[in-house]
Amino acid sequence: MKVLKFGGTSVGSAQNIKKVIDILKQESQTSTLVCVVSAVGGVTDKLLEAGALAKAKNKAYLTVFNDIKTKHFDIIKTLAPNSKTIIAEVETKFEDLEQLLNGIYLINELSPKTSDKLVSFGELLSSFIIAKTMEDLNLNTILKNSQELIVTDSNFTKAEVNYNITNKNITDYFNKANQQITILPGFVSKSQDGDITTLGRGGSDFTAAIIAAALKVERLEIWTDVSGMYTTNPKLVKQAYPIANLSYQEAMELSHFGAKVLYPPTVQPVLDLKIPIHIKNTMQPEAVGTTISNQNNGTNLTVKGISHINDVALLTLEGSGMVGIPGFSKRLFETLANEKVNIIFITQASSEHSICFGIDQDNASKAETAINTAFEYEISLNKINPIIIEKDLSIIALIGDNMKSHQGISGKLFSTLGKNNINVRAIAQGASEKNISAVINEADVSKALNSLHERFFEVNTKQLNVFITGIGNVGEKLIDQIQQQHAFLKKNLKLEVKIVGMANSRKMIFDPNGIDLNNWAAQFHHADPSSIDGFYNKVIELNLRNSIFVDVTANSDVAAVYENYLKQSVAVVACNKIACSDKYSNYKNLQDLSLKYNAPFLYETNVGAGLPIINTLNNLVASGDKVISIQAVLSGSLNFVFNNFSDKKNFHDTVKQAQFEGYTEPDPRIDLSGIDVARKILILARENGLAMEIEDIVNDPFLTKANLESDSVDDFYETLVNDEAHFQKLYASAKANNCQLKYVAEYKNGKAKVGLQEVPVGHPFYNLEGKDNIVMFYTQRYPEQPLIVKGAGAGADVTASGLFADIIRIGNK
């Protein structure tokens, strides 16, 4: 024999009830069934609403009554449109319900006893409709009123069961019953005096558990609208999945901490007898569901689930007068018990100087008043402080029987939260180690659950949430590369890279589930206006785990907000070199913030686009090598210009070509003035540990005074035409000396300079082609033959690849 319970959603419509009937028909072929049903979804709340309106002399109760009636007759119309018996009996029940509501309206009173009678109509109606429909389908079915079996005291709305009488009633009835399927209304019962009572929250589960325990059935099945108990809340974590097997203790822990499938007190009768509970999905009956039992299921999972409770207030009582005083905790908890305040979390420092506990936020004010009154004398003597209350908190909990035998679970929990800037307000863990709980801000719950689920349940796959500002040539290439490599990264590096935010100078778009990269450009047609602060605020509002802000602009205002991102533990990847070449104090501040908030700050593309120049230098320094000098050609733009400029092609046209092909900034003066190269050698000097400013770098310009003082880009190009003879003279000199013109950056003995040089044949820079860059590191380990990094130093593709590499480095951290 099996007991099956179907919840309100499962019987919430005619279509769903048909599915319930199909399930019962299928299962009854191999077993005798007892089926407990809840009220049609939402009806219990509607009945209470109608009662409250009637009590308040508000005639709107009739509207609510008619809504309830219409809902049931709509179901009948689909299930059994020609059944006069069902229609007549249900009509009679609604006449009784209307009469009861009219009485409440007339006497202006709704006692707990009347409330129980009122809400019992929900289950009595649903069970009648289902049972009679099945009888009409010639299924071997009978309806039995649970009120004739389950006997309680007269504690209305939450009656206590008299198990001696109830168990006898159940066994006596079912020993004689010969129907294959028995339908019972859940939730309802009767007192020994014959009054209608109800079993309180989770009452239908309770009914099913009482029946199952009395009959010692092989299994209790609870059918609902989800496919079992999930690894965490599937509404917040899309990767959550049903847990196939749980122990009773694990299920109770998960249920206590927010998993709504079970209400622990209601299934206690079957737990005592170790009857397995199987949670199934009415909408997907083929799904495996979750089996809760005392059997060792052989799983190697250490953590079985992550659950949470919202709307928690944390109360802290502290003071020197608490230390070593016996009975202090007793007084505190008795005070709360007298106010009917339930405690859901407790932790106390070993010094006994403070004790904090979590309660439902709605009870915070009541608890505060009661505690301050109870300890008024001690507070007046400054032995303890008035109670401290923190609101808008949540409790998250790791659950698992096997956690006790595995080291490092707590470490993984708190390191994961810390890496995502989630502050832990309090911690609790019992000696059984089946539950590790932490109190956090409610705003961080989604990020915490996603981060922890990724850490403990997903196949070592780490999701990176990327926000890109600056969707120009480089930005578009970066988006293309991320889309192209998505499957490879997921398979080989276990990285799920999602772009969740994009912005250009006019518009910005966001999607916390990941922007569709097949048509991202079209989404900008209906996007919000873009602003630096607006983009930052949205990143913080979304509060996603493993967030990375990518700056693909040359905007100083964007660079100015890096510190805000780092303070929120959002990693920063910068193509923009303004921040790192700004005042040294700002550069140092960003490095310090990165360390303090465990938020990576990477800017490899600041110096060599996609070349690993900064990374190579950092590895040299970290391994104990000492850099003696650096010689470099760091501008792919300038290298392209001087490789293409000749006595047969004027300087103006060469610069125009470089700009057209994307090798220069929109304002080519930035490249040709040498300031861009100066910034790059400055960054390398700082990475080598030198506190250098941009003013300390000697910049020997090759441009004329007219070039440098031009008012606009157009004026600049005009001066290039006018000063062509100057540039031809530079070319002629190099050619006469059998040299190549290269714009070289040098660092040695704590000093740096940049300028145009004639590079002779045989020098590593001589044959540097196109837009290539080259850096030569002379160190203690490489004193004569330098360590050389060489390759393309400009272009949208390679710059995007450098940014992408930094993103991947963060993911692999």
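Please read these numbers as outputs of a predicted model, since none were measured by experiment. (Residues numbered from 1 in each chain as written. Predicted model: local features only at pLDDT ≥ 70, side-chain atom pairs only at ≥ 80, totals over all residues. Heavy atoms only, no water.)

> Would you mind showing me how to read the packing of helix 25 (residues 651-660) against helix 29 (residues 713-722) here?
Axes are the key here: two packed helices are described by the angle between their axes and the distance separating the axes. For the pair helix 25 and helix 29, interaxial distance at closest approach is 8 Å and the crossing angle is 145°. Only Tyr-717, Leu-720 and Val-721 of helix 29 make contact with helix 25, whose side of the interface consists of Phe-651, His-652, Val-655, Lys-656 and Gln-659. Residues that form the contact of helix 25 with helix 29 fall into these classes: five nonpolar, two polar and one charged. (Axes fitted to C-alpha atoms, helices over the stretch in contact; angles between N-to-C directions. Helix = DSSP H or I, 4+ residues; strand = E, 2+ residues; numbered from the N terminus. Contact = heavy atoms within 4.5 Å. Nonpolar A, V, L, I, M, F, W, Y, C, P; charged D, E, K, R; others polar.)

> Is there a simple way to explain the sheet that holds strand 14 (residues 354-360) in this structure?
Adjacent strands of a sheet form backbone hydrogen bonds with each other and so pair up, either parallel or antiparallel. Pairing in this open sheet of six strands is antiparallel, and the strands run 13-14-12-15-17-16 from one edge to the other. Only two strands of the sheet have a single neighbouring strand rather than two, namely strand 13 (343-348) and strand 16 (424-429). The mean inter-strand angle of the sheet, taken between neighbouring strand axes irrespective of direction, is 30°. Taken together, the seven bridges between strand 15 (residues 388-399) and strand 17 (residues 435-441) define a ladder with antiparallel strand orientation. Residue pairing in the sheet places Leu-393 in a bridge with Asn-441 of strand 17. Contacts from helix 14 (residues 445-456) reach strand 12 (305-318), strand 15 and strand 17 within the one sheet, and its direction differs from that of strand 12 by about 125°. (Pairing = 2+ DSSP bridges.)

> Looking at this model, I keep getting lost on the nonpolar core. Mind explaining?
A general feature of soluble globular proteins is that nonpolar side chains tend to end up buried together. If you look at the biggest cluster of nonpolar residues, it comprises 77 residues, and the most contacted ones within it are Tyr-562, Leu-634, Phe-651, Ile-681 and Phe-702. Broken down by element, the residue count for this core peaks at seven residues, all from helix 27 (residues 675-687). Beyond its immediate stretch of four places on either side in the chain, Tyr-562 contacts Phe-549, Asp-551, Val-572, Ala-574, Asn-576, Ala-579, Leu-590 and Phe-601. Of all hydrophobic cores here, the second largest spans 49 residues; its members include Leu-53, Ala-54, Ile-130 and Ile-181. (Core = buried A, V, L, I, M, F, W, Y, C linked by side-chain atoms within 4.5 Å. Buried < 20%, exposed > 50% of the residue type's maximum accessible area, 1.4 Å probe, protein only.)

> I'm lost on the sheet that holds strand 28 (residues 751-760) in this one. Help?
Strand order in the open sheet formed by six strands is 26-28-27-25-29-30, and the pairing between neighbours is mixed. This sheet does not close on itself; its edge strands, each paired only once, are strand 26 (698-700) and strand 30 (787-792). Ignoring which end each strand starts from, the neighbouring axes of this sheet average 20° apart. Pairing of strand 29 (residues 772-779) with strand 30 involves six bridges; the strand directions are antiparallel. Bridge pairing links Val-775 to Val-789 in strand 30. Its contacts with the sheet put helix 24 (residues 636-644) on strand 25 (627-633), strand 27 (739-748), strand 28 and strand 29, and the angle it makes with strand 27 is roughly 155°. Sheet strands touched by helix 27: strand 25, strand 26, strand 27 and strand 28. Its angle to strand 27, the strand with the most contacts, is close to 35°.

> I tried to follow the confidence of the model for the protein on my own but got confused; where do I start?
Any region with low pLDDT has predicted coordinates that should not be read closely. The predicted model of the protein has a mean per-residue pLDDT of 93, with 98% of residues at 70 or higher. Between the elements of the protein, mean pLDDT differs from a low of 83, seen in helix 8 (residues 248-256), to a high of 98, seen in strand 24 (residues 601-602). (pLDDT = per-residue confidence, 0-100.)

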